[in-house]
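Here is what each chain is made of, one letter per residue.
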Amino acid sequence: MTAMSTESIKRPLPAAHATGRGPAPDPAARKGLSRRNRPLWMLIPGGVLMAIVIIVPMVLGVWMSLLDLDQYSLRKWLSAPFIGIENYIEAITQSGLLRSVWLSLSYSLIAMVVTVPLGVAAAVATQNSFRGRAVIRSIFLVPYVLPTFVVATVWRTMFQPGSVVDNALHGVGIEAGLWLNGPNTYWALVFVQIWASWPFIYLLALAGLQSVDHEVHEAAALDGALWWKKLRYVVFPYLKGPLSLAFLIGMLHHINNFTLPFVLFGIPAPHDIEVLPILTYVTSFQSFRFGLSAAMAVVSLVLIAIPLFIYLRAVRLDDGESGGRK
């Protein structure tokens, strides 16, 4: 007993009992914590660049939309008269903003309604292996890889009176009219937008088709499913997500597309294709109403943010429902 008591007295106490404090911090745990936070520090350069390129100009644009800023007050635009929301009221009530919004939405919607079936059909046609498939896929991607400036320049040349388009229509007995100035300008813009944008739908649809399990195809073949039922019940459910994303991105891209109508029709643009980016450009750099054009730009930003928010909200709800089922 005495020997055991002596050994227990001579045994050193743990650090926690000797100091009366909590357990000493573990260096390994602290190192792991720093490693866990390291990706946040790596986001700082990108965040600073985003703030300089996106956030600061956006804040300046909102501030400019509240000023009476024109060619007379541009040199001292910080001291331009503050007029509040008068630019927004003028844009909605007196300018052609609402008409431009309608033109942008309508031509974008028509283009997407046509390009989605085209892209899906091309993806389904080139999904299975056959001789020359790589060449066909490369040809399909030509309109997508060409810069918008090149596409608009080529089609501007083809739409000239007596050029390729007129001769092709005359060959099938259709009387052609003026494409770059007149009542056909709207449909010329829609046609060129469809030609240039359908390969994007094709790419996303093709990516969605690659995710279809081979076993599902085999099961459908064993059940004797016809090609239409196979597309409807096997293939199309896999394309719901990619096509929804493609539809949203395509709509936003068409609404914001300035290069195509600007190069295709020039400035001043015909009244029938005065879409929102063209109207904003003309108001700013021809009428020199910089405050009014800034208000139009803010309206276009809100117009784009609404469907984007709806899509992100729907994706979040889908993720929550799938997580709940799991």
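Residues numbered from 1 in each chain as written. Predicted model: local features only at pLDDT ≥ 70, side-chain atom pairs only at ≥ 80, totals over all residues. Heavy atoms only, no water.

Asks: Tell me what's going on with the overall build of the protein, and back it up with residues and numbers.
Replies: Each helix and strand counted, the protein has 16 helices and 0 strands in total. Taking all 326 residues of the protein together, 33% fall into the buried category. Across the protein, contacts joining residues at least 24 apart in sequence account for 69% of those joining residues at least 6 apart. Accessible surface computed for the protein: about 21,000 Å², of which carbon and sulfur atoms make up 68%. (Helix = DSSP H or I, 4+ residues; strand = E, 2+ residues; numbered from the N terminus. Buried < 20%, exposed > 50% of the residue type's maximum accessible area, 1.4 Å probe, protein only. Contact = heavy atoms within 4.5 Å. Areas by Shrake-Rupley, 256 points an atom, 1.4 Å probe, with all protein chains shown as cover.)

Asks: Tell me about helix α5 (residues 86-93), and please be specific about residues and values.
Replies: Turning to α5, its buried residues are N87, Y88 and A91. An end-on view of α5 places all buried positions within 100° of arc, on one side of the element. (Arc of directions from axis to C-beta.)

Asks: An account of the pattern of salt bridges is needed here, citing residue identities and associated values.
Replies: For the coordinates displayed, the defined rule picks out 2 salt bridges. Among the salt bridges present, the one from E90 reaches R289, with a minimum N-O distance of 3.0 Å. Taken together, the residues span a long stretch of sequence, with E90 in helix α5 and R289 in the loop between α15 (276-285) and α16 (290-325) at a distance of 199 residues. When the shortest N-O distance is used, the salt bridge between D272 and R99 registers 3.6 Å. Highlighted residues: D272 in the loop between α14 (259-265) and α15 and R99 in helix α6 (residues 97-125), separated in sequence by 173 residues. Residue R99 is classed as partly exposed on the basis of its relative accessible area, which comes to 32%. (Salt bridge = Lys/Arg side-chain N within 4 Å of Asp/Glu carboxyl O.)

Asks: Explain the packing of aromatic side chains to me, using residue names and the numbers behind them.
Replies: To describe a pair of aromatic rings, you give the distance between the ring centres and the angle between the ring planes. Applying the stated rule across the entire model yields 15 aromatic pairs. Ring centres 5.4 Å apart and planes at 70° place the aromatic pair F140 and W198 in the edge-to-face group. Here F140 is found in helix α7 (residues 133-140), whereas its partner W198 is found in helix α11 (residues 185-210), with 58 residues between them in sequence. Three or more aromatic residues link up through ring pairs in this structure, and these residues are W155, F159, W179, F191 and W195. (Phe/Tyr/Trp six-rings, centres within 6.5 Å; stacked < 30°, edge-to-face > 60°.)

Asks: A description of the packing of α6 against α15 should follow, citing residues and the corresponding values.
Replies: At a minimum axis distance of 8 Å, the contact between α6 and α15 shows a crossing angle of 145°. Residues L97, S100, V101 and S104 of α6 touch α15, and the partners they reach there are L276, P277 and L279. Residue composition of the contact of α6 with α15, grouped by class: 5 nonpolar, 2 polar and no charged. (Axes fitted to C-alpha atoms, helices over the stretch in contact; angles between N-to-C directions. Nonpolar A, V, L, I, M, F, W, Y, C, P; charged D, E, K, R; others polar.)

Asks: Talk me through unusual backbone geometry; I want residue IDs and the actual numbers.
Replies: Going from I267 to P268, the amide bond is cis rather than trans, its omega being 5°. With respect to the helices, strands and loops of the structure, P268 is situated in the loop between α14 and α15.

Asks: Could you give an account of the confidence of the model for the protein, with specific residues and numbers?
Replies: Across the protein, the average pLDDT comes to 80, with 79% of residues at 70 or higher. This stretch, residues 1-10, has a pLDDT under 50; its non-local contacts, to residues over four places away or in other chains, come to 0 contacts. Below pLDDT 50 for its whole length, residues 15-20 participates in 2 contacts with residues either more than four positions away or in separate chains. (pLDDT = per-residue confidence, 0-100.)

Asks: Any chance you could break down the nonpolar core for me, citing the residues and the numbers?
Replies: Residues W155, F159, W179, L189, V192, L264 and F265 are the most contacted members of the largest nonpolar core, which totals 28 residues. Mapped onto this core, the elements with two or more residues apiece are α6, α9 (148-158), α10 (164-171), α11, α14 and α15. Among the elements that make up this core, the one with the highest residue count is α11 (7 residues). Core analysis: the next-biggest nonpolar cluster, separate from the first, contains 18 residues, V120, L239, L243 and M251 among them. (Core = buried A, V, L, I, M, F, W, Y, C linked by side-chain atoms within 4.5 Å.)

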